[in-house]
Amino acid sequence: VVPVLLGNALLRPDGSDEEYEHYCQSMLLLFKPWRILHELKDNMSTWTEAFENETFAPDLQTIISNVNVEHECKDARDAHA
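Please read all numbers here as calculations on a predicted model, not as lab measurements.

**Thoughts on the environment of E21**
Within the element layout of this structure, E21 appears in helix α1 (residues 17-31). Separated by 38 residues in sequence, E21 and D59 place their C-alpha atoms 23 Å apart. Those residues within four positions of E21 in sequence are excluded, and the remaining contacts are T46, W47 and T48.

Dropping the structure here:
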């Protein structure tokens, strides 16, 4: 299974609660090993809860923390334009 995330870009982790829920879902799809969709959430009630309770390897934590860099760069560009 290869996840395909639809849309122009990944959602921001600093957006609305709904956007953060979708961000958490995307990060789990991309960075947590899984075979069946149910394995991503286990028994957690929300994607946010599942993401925040997941322990990622340090190299994956770095990648996840850098996912928002594109948004931050565009914000900086727009602020100084």
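**With respect to the nonpolar core**
Residues Y23, C24, M27, L28, F51, F56 and I64 are the most contacted members of the largest nonpolar core, which totals 13 residues. Looking at this core, the elements with two or more residues in it are α1 and α3 (47-53). Here this core takes seven residues from α1, the largest share from any one element. Contacts of L28, omitting those with residues within four sequence positions, involve W34, L40, W47, A50, F51, E54 and F56.

**Details of the side chain of N68**
Structurally, N68 can be placed in the loop between α4 (58-66) and α5 (69-79). Residue N68 is classed as buried on the basis of its relative accessible area, which comes to 7%. Apart from residues lying up to four places away in sequence, N68 is in contact with R12, P13 and D14.

**Considerations on the confidence of the model for the protein chain**
Scored by pLDDT, the protein chain comes out at a mean of 87, with 91% of its residues at no less than 70. Of all secondary-structure elements in the protein chain, the lowest mean pLDDT belongs to α5, at 86, while α3 reaches the highest, 95.

**Remarks on the pattern of salt bridges**
As enumerated under the stated definition, the model contains five salt bridges in all. Here R12 makes a salt bridge to D75, at a shortest N to O gap of 2.5 Å. Of this pair, R12 sits in the segment before α1 while D75 is found in helix α5, placing the two residues 63 residues apart along the sequence. D75 sits in the partly exposed class, given a relative accessible area of 36%. The partner of K32 in a salt bridge is E54, and the shortest N-O contact between them spans 3.3 Å. In this pair, K32 is assigned in the loop between α1 and α2 (38-41) and E54 in the loop between α3 and α4, connecting sequence segments 22 residues apart. According to the relative accessible area criterion, K32 is buried, its value standing at 11%. The partly exposed category is assigned to E54, whose relative accessible area is 26%.

**Observations regarding the packing of aromatic side chains**
Note on aromatic pairs: each is described by the distance of the centres and the angle between the planes. The tally for this structure, following the rule as stated, stands at three aromatic pairs. Arranged with centres 5.8 Å apart and planes meeting at 20 degrees, the rings of Y20 and Y23 form a pair that is stacked. Within this pair, Y20 and its partner Y23 are both found in helix α1, separated by three residues, close to a single helical turn. Taking 5.8 Å as the distance between ring centres and 45 degrees as the angle between the ring planes, the aromatic pair formed by F51 and F56 counts as tilted. The same class applies to F51 as to F56, namely buried. The structure contains a cluster of three or more aromatic residues connected by ring pairs, namely Y20, Y23, F51 and F56.

The rules behind each value
- The residue numbering used here restarts from 1 in each chain and proceeds along that chain's sequence as written.
- At least 70 in pLDDT is required for a residue's local features to be given in this predicted model, at least 80 for side-chain atom pairs to be given and counted, and no such filter applies to totals for whole chains, interfaces and linings, which use all residues.
- No hydrogens and no water enter the side-chain calculation; it runs on all heavy atoms of the structure.
- Working definition: helices are DSSP H or I runs of at least four residues, strands are E runs of at least two. Numbering for both runs from the N terminus.
- Throughout, a residue-residue contact means that at least one pair of heavy atoms, one from each residue, lies within 4.5 Å.
- Nonpolar cores were defined as sets of buried Ala, Val, Leu, Ile, Met, Phe, Trp, Tyr and Cys residues, with membership established by side-chain atoms within 4.5 Å.
- Relative accessibility thresholds used throughout: buried, under 20% of the residue-type maximum; exposed, over 50%; partly exposed, between the two (1.4 Å probe, protein chains only).
- Looking at any residue, its pLDDT shows the predictor's confidence there, from 0 to 100.
- Each reported salt bridge corresponds to a side-chain nitrogen of Lys or Arg within 4 Å of a carboxyl oxygen of Asp or Glu.
- For Phe, Tyr and Trp, where Trp contributes only its six-membered ring, two rings pair if their centres lie within 6.5 Å, and the inter-plane angle classes them as stacked under 30 degrees, edge-to-face over 60, or tilted in between.

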